[in-house]
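# Architecture and fold: a report
Letter by letter, the chains look like this.
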Amino acid sequence: MSGAGVEAPAAKPAGAKKSAGKRGGNAVKPGGGERTIVAFCCHECAYAAADAAANARTSLPPTVRLVLMPCTGRVSPLHLLSALADGADGAMVAGCLEGQCHYREGNFQAIDRVAFVQRLLESVGVEPERVRMFTMSAGDPPRFVAAVREMDRVIGSLPPLERA
Ligand code: FES
């Protein structure tokens with residue numbers, strides 16, 4: 001855990017490299033830096049789907065950094081806000097399908113928290129779509145890949161996040 005409360009990435013997506021711009025046209029910020037999206041993934045479904053995608057050598061956007069969580073119910077608003085405050089341009093939460101959380105209601109809690117953070121961001125003039133929630137099953141790697149690519153597309157279409 002870093003000092004800001006956000007865990008260091010547990011793993012990089014398959015094929016992710018430091019060099020931006022080779023894949024995924026959204027990786028380079030207009031200011032020259034690399035865009036970053038922190039993906040908080042539940043161990044049971046989203047991370048398993050990411051792992052399967054990596055084993056199938058599916059390329060993911062180089063912008064995405066995975067953070068392994070036991071359940072999305074453990075993702076707090078502070079995790080999401082800290083990710084943005086510490087340099088990420090977007091943060092996503094990826095968990096089990098609704099009704100299929102292995103800890104019963106964790107993903108419903110995460111959905112509520114993401115909505116809360118979106119409202120908070122909007123109230124201070126930050127695009128709420130910088131934080132998103134996605135759900136999927138462990139056996140659906142394409143859905144995970146589609147989620148991170150969608151997030152990469154959206155974040156790439158936004159200006160860099162300005163911080164005070
Ligand atoms: Fe996957 Fe709770 S275990 S969201």
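Below is a summary of the structure that appears in this document. Since we're looking at a predicted model, the values are computed, not measured.

### Some points on the sheet that holds strand S3 (residues 90–96)
Spatial strand order, S2-S1-S3-S4: four strands in an open sheet with parallel pairing. Looking at strand neighbours, the two that pair on one side only are strand S2 (64–69) and strand S4 (131–136), the edges of this open sheet. The sheet shows a mean angle of 20° between the axes of neighbouring strands, direction not considered. Judged from the six bridges that link them, strand S1 (residues 37–42) and S2 form a sheet pairing that is parallel. Note that in S2 the partner of Cys-42 across the bridge is Met-69. The strands touched by helix H2 (residues 77–85) within the sheet are S1, S3 and S4, with S3 carrying the most contacts at an inclination of about 145°. This element, helix H3 (residues 106–123), spans S3 and S4 of the sheet and lies at about 160° to S4.

### As for unusual backbone geometry
One non-glycine residue, Arg-57, adopts positive backbone phi at about 60°. With respect to the helices and strands, Arg-57 occurs in the loop between helix H1 (46–55) and S2. In this structure, Arg-104 is a non-glycine residue whose phi angle is positive, near 75°. Following the sequence through the fold, Arg-104 ends up in the loop between S3 and H3.

### Here we look at the environment of Ala-138
Residue placement: Ala-138 occurs in the loop between S4 and helix H4 (141–157). For Ala-138 and Ala-50, which are 88 residues apart along the polypeptide, the C-alpha to C-alpha distance reads 8.3 Å.

### Remarks on the environment of Ala-49
Looking at the element boundaries, Ala-49 is found in helix H1. Measuring from C-alpha to C-alpha, the distance between Ala-49 and Val-145 comes to 8.5 Å, with 96 residues separating the pair along the chain. Look past the residues within four positions of Ala-49 in its chain and what remains in contact with it is Met-136, Ala-138, Asp-140, Pro-141, Arg-143 and Phe-144.

### Observations concerning H3
Relative to the 26 Å expected for 18 residues at 1.5 Å per residue, H3 spans 26 Å between its end C-alpha atoms, a close match to the ideal helical length. For H3, the full list of buried residues reads Gly-106, Asn-107, Ala-110, Arg-113, Val-114 and Val-117. Across the axial projection of H3, the buried residues extend over an arc of 115°, all falling on one side. Relative to its buried face, H3 has exposed residues pointing more than 90 degrees away, namely Arg-119, Glu-122 and Ser-123. Taken together, the buried residues of H3 touch H2, S3 and S4. Gly-125 occupies a position one or two residues after H3 and carries a positive phi of about 80°.

### Some words on the pairing of S4
Judged by how many residues are buried, S4 sits mostly within the fold: six of six residues are covered. Side chains Val-131, Met-133 and Thr-135 of S4 all project onto a buried face; the interleaved residues Arg-132, Phe-134 and Met-136 project onto the opposite face, where all are buried too. Pairing geometry for S3 and S4, over six bridges, is parallel. Along S4, the bridge assignment pairs Gly-95 with Thr-135.

Basis of the calculations
Residues numbered from 1 in each chain as written. Predicted model: local features only at pLDDT ≥ 70, side-chain atom pairs only at ≥ 80, totals over all residues. Pairing = 2+ DSSP bridges. Helix = DSSP H or I, 4+ residues; strand = E, 2+ residues; numbered from the N terminus. Axes fitted to C-alpha atoms, helices over the stretch in contact; angles between N-to-C directions. Contact = placed C-beta atoms within 7 Å. Expected span 1.5 Å × (residues − 1). Buried ≥ 20, exposed ≤ 12 C-beta atoms within 10 Å, placed from the backbone. Arc of directions from axis to C-beta.

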